[in-house]
Amino acid sequence: MRYGRIPEEVIDAVLKRHDIVDVIGRHVHLSKQGHYMKGLCPFHSEKSPSFTVTPDKQIYRCFGCNVGGNLIRFIMEIEGLSFSEAVTKLAEEVDIPITWEEASEEQTEQQQEKVVLLKAYDFAAKLYHYILGNTEQGKAAKGYLTSRGISDKLIDAFQIGYAPAMWDTLVQQLDKREYALPLMEKGGLISAKQEGSGYVDKFRERIMFPICDSTGKVIAFGGRAMGDAQPKYLNSPESLLFNKSRTMYNLHQARPNMRKLQQAVLFEGYVDVIKAWEAGISNGVATMGTALTKEHAALLNRNADQIVVCYDGDNAGQSAAFKSIPILEETGSRVTVAMLPDGKDPDDYVSTYGLTDSYGKLLSLPYHR
């Protein structure tokens, strides 16, 4: 693994070797208009083209939604990549070798820790998923998910798993694979014993919902209790990888359709997103069991013009929905609130109306400002 910063000369070489018109033309139909190329903006819905590319300056700009920048910025936005990922992708296309400036010891150590934690979280997600579908320990959890209408197809699509009741299932497996347990605790996967030395699993007897970053890498978990344990839902603590105020559940899968439709449907919980997904609502996301933040609102606004808030239909859910409106509107989003009948939550709504009808019914519900 390489660490540090990509040198400026490599970045300059990448930009010089690519023609911005050719690359953006893979995503946008561009027509020549004087010194500019013009097309329909891929970042918001429009009927008249306001997206321009200036070949002489190798920049783009949309006069409708005010996005703009150079080719690297475009690739970051259109494909959801980090700066280094976008540069690397463009460099590989034209066979430019990537060299890296040496990072400080502190930067290198933190980057190394992130790499190890990402591998550990990926392993944990696969382990929990295997336990749910292939062991006696996971049968009750699998039965519960089936009773909620969550099919094997959905379980696989969202990599849902199960953390068994034993104290150290994950600890043993991580230790066996020589992961440093103090780092695993730092990253929120396990906990130090309250008395004595050693470690125990952070999650026990819970259905596990992997939480991914914008590129689809597992960075945390949400665990639903199977018994009477409290809280009912437990999230991973914040870590080097996970910041709950800046992370949205299912964004990595929903982003393409959010941008295509220029609409995002904001739910409260994991199961709401999952059930709506099977009903055809593939632009649904949720917060991490916390109130909507300004960072969440900005993240949504970068991907969609309209936000449909679809919280539970009871008083608490509708109160939370209306509190979210000014936060979302502050970013420039158009906001509506779906009024679910009879106090239903989105999960119940999909179950009541069935998979084939729920999409149309949900999006034709009366909306309130």
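Conventions used here
- Residues numbered from 1 in each chain as written.
- Predicted model: local features only at pLDDT ≥ 70, side-chain atom pairs only at ≥ 80, totals over all residues.
- Heavy atoms only, no water.
- Pairing = 2+ DSSP bridges.
- Helix = DSSP H or I, 4+ residues; strand = E, 2+ residues; numbered from the N terminus.
- Phe/Tyr/Trp six-rings, centres within 6.5 Å; stacked < 30°, edge-to-face > 60°.
- Axes fitted to C-alpha atoms, helices over the stretch in contact; angles between N-to-C directions.
- Parallel < 35°, antiparallel > 145°, perpendicular 65-115°, else oblique.
- Contact = heavy atoms within 4.5 Å.
- Buried < 20%, exposed > 50% of the residue type's maximum accessible area, 1.4 Å probe, protein only.
- Salt bridge = Lys/Arg side-chain N within 4 Å of Asp/Glu carboxyl O.
- pLDDT = per-residue confidence, 0-100.
- Core = buried A, V, L, I, M, F, W, Y, C linked by side-chain atoms within 4.5 Å.
- Right-handed = clockwise from strand over helix to strand, strands pointing away.
- Left-handed = near helix turned anticlockwise from the far one by under 90°.
- Nonpolar A, V, L, I, M, F, W, Y, C, P; charged D, E, K, R; others polar.

Novice: So what's going on with the sheet that holds strand E1 (residues 31-33)? Which residues, and what values?
Specialist: In spatial order, the strands read E1-E2-E3-E4-E5; together these five strands make up an open sheet with antiparallel pairing. Whereas interior strands pair on both sides, the edge strands pair on one side only; in this sheet they are E1 and strand E5 (68-69). One ladder, built from four bridges, connects strand E3 (residues 51-54) with strand E4 (residues 59-62); its direction is antiparallel. Within E4, the position partnered with Thr 52 by the bridge is Arg 61.

Novice: Any details on the packing of aromatic side chains? Residues and values, ideally.
Specialist: Taken as a whole, this structure holds 12 aromatic pairs when the rule is applied. Taking 5.8 Å as the distance between ring centres and 70 degrees as the angle between the ring planes, the aromatic pair formed by Phe 43 and Phe 74 counts as edge-to-face. In this pair, Phe 43 is assigned in the loop between strand E2 (36-39) and E3 and Phe 74 in helix H3 (residues 71-79), connecting sequence segments 31 residues apart. Arranged with centres 6.4 Å apart and planes meeting at 25 degrees, the rings of Phe 158 and Tyr 249 form a pair that is stacked.

Novice: Account for the packing of H3 against helix H4 (residues 83-93), naming residues and giving values.
Specialist: The interhelical angle for the contact between H3 and H4, taken along N-to-C directions, is 110 degrees, at an axis separation of 9 Å. Judged by the inter-axis angle, H3 sits roughly perpendicular to H4. Across the interface between the two elements, Leu 71, Ile 72, Ile 75, Met 76 and Glu 79 from H3 touch Phe 83, Ala 86, Val 87, Lys 89 and Leu 90 from H4.

Novice: Talk me through the pairing of E3; I want residue IDs and the actual numbers.
Specialist: Here E3 shows two buried faces, one formed by Phe 51 and Val 53 and the other by Thr 52 and Thr 54. When E2 meets E3, the two strands line up antiparallel, connected through three bridges. Along E3, the bridge assignment pairs Met 37 with Val 53.

Novice: An account of the pattern of salt bridges is requested, with residue identities and associated values reported.
Specialist: A side chain of one charge can pair with a side chain of the opposite charge when the charged atoms of the two come close. Counted by the stated rule, this structure contains 10 salt bridges. Measuring nitrogen to oxygen at the nearest pair gives 3.4 Å for the salt bridge that ties Arg 26 to Glu 93. Of this pair, Arg 26 sits in the loop between helix H2 (20-24) and E1 while Glu 93 sits in helix H4, and the two are 67 residues apart along the sequence. Where Lys 126 meets Asp 122, a salt bridge forms, and the shortest distance between an N and an O atom there is 3.1 Å. Residue Lys 126 and its partner Asp 122 are located together in helix H5 (residues 105-134), separated by four residues, close to a single helical turn. Through salt bridges with shared partners, a single network forms among Arg 26, Lys 89 and Glu 93.

Novice: Can you break down unusual backbone geometry residue by residue, with the values?
Specialist: The backbone phi angle of Asn 66 is positive, close to 65 degrees, even though this residue is not glycine. Of note, Asn 66 is situated in the loop between E4 and E5. The residue Gln 262 is not glycine, and still its phi comes out positive at about 55 degrees. Among the structural elements, Gln 262 can be located in the loop between helix H10 (251-261) and strand E12 (263-267).

Novice: Could you give an account of the confidence of the model for the protein, naming the residues involved and the relevant values?
Specialist: When pLDDT is averaged along the protein, the result is 87, and 92% of the positions lie at 70 or above. Per-element confidence in the protein ranges from a low mean pLDDT of 49 for strand E16 (residues 367-368) to a high of 98 for strand E6 (residues 161-163).

Novice: Go over the nonpolar core with me, naming the residues and quoting the values.
Specialist: Counting 56 residues, the largest nonpolar core has Ile 160, Leu 170, Leu 174, Met 184, Leu 189, Phe 221 and Tyr 249 as its most contacted members. With near-sequence residues (within four places) excluded, Leu 189 lies in contact with Ala 120, Tyr 121, Ala 124, Leu 170, Leu 174, Met 184, Lys 202 and Phe 221. Counting residues in hydrophobic clusters, the runner-up holds 29 residues, among them Ile 6, Val 10, Val 21 and Tyr 60.

Novice: Could you give me a rundown of the sheet that holds strand E11 (residues 233-235), with the residues and numbers involved?
Specialist: Within a sheet, adjacent strands bond to each other through the backbone by hydrogen bonds, running parallel or antiparallel. A sheet is described by the order of its strands in space; here four strands give the open sequence E6-E9-E10-E11, paired in antiparallel fashion. The open sheet terminates on both sides in strands that have one partner only, identified here as E6 and E11. Going from strand to strand, the sheet's axes swing by 35 degrees on average, the running direction of each strand aside.

Novice: Give a detailed account of the pairing of strand E15 (residues 334-338), specifying residues and quantitative values.
Specialist: Burial analysis of E15 places four of its five residues in the buried class, which makes it a mostly covered element. The pairing of strand E14 (residues 306-309) with E15 spans four bridges and is parallel. What sits directly across from Val 309, in E15, is Val 337. Between the parallel elements E14 and E15, the chain passes through helix H13 (residues 315-329) in a crossover that is right-handed.

Novice: Break down the packing of helix H11 (residues 270-278) against helix H14 (residues 346-353) for me, with residues and values.
Specialist: Where H11 contacts H14, the two axes come as close as 8 Å, and the packing angle between them is 30 degrees. Taken together, H11 and H14 sit at an angle that is classed as roughly parallel. Two packed elements cross with a definite hand, and for H11 against H14 that hand is left-handed. Between H11, through Val 271, Asp 272, Lys 275 and Ala 276, and H14, the contact on the second element is made entirely by Pro 346, Asp 347, Val 350 and Ser 351. Taken together, the residues that form the contact of H11 with H14 break down as four nonpolar, one polar and three charged.

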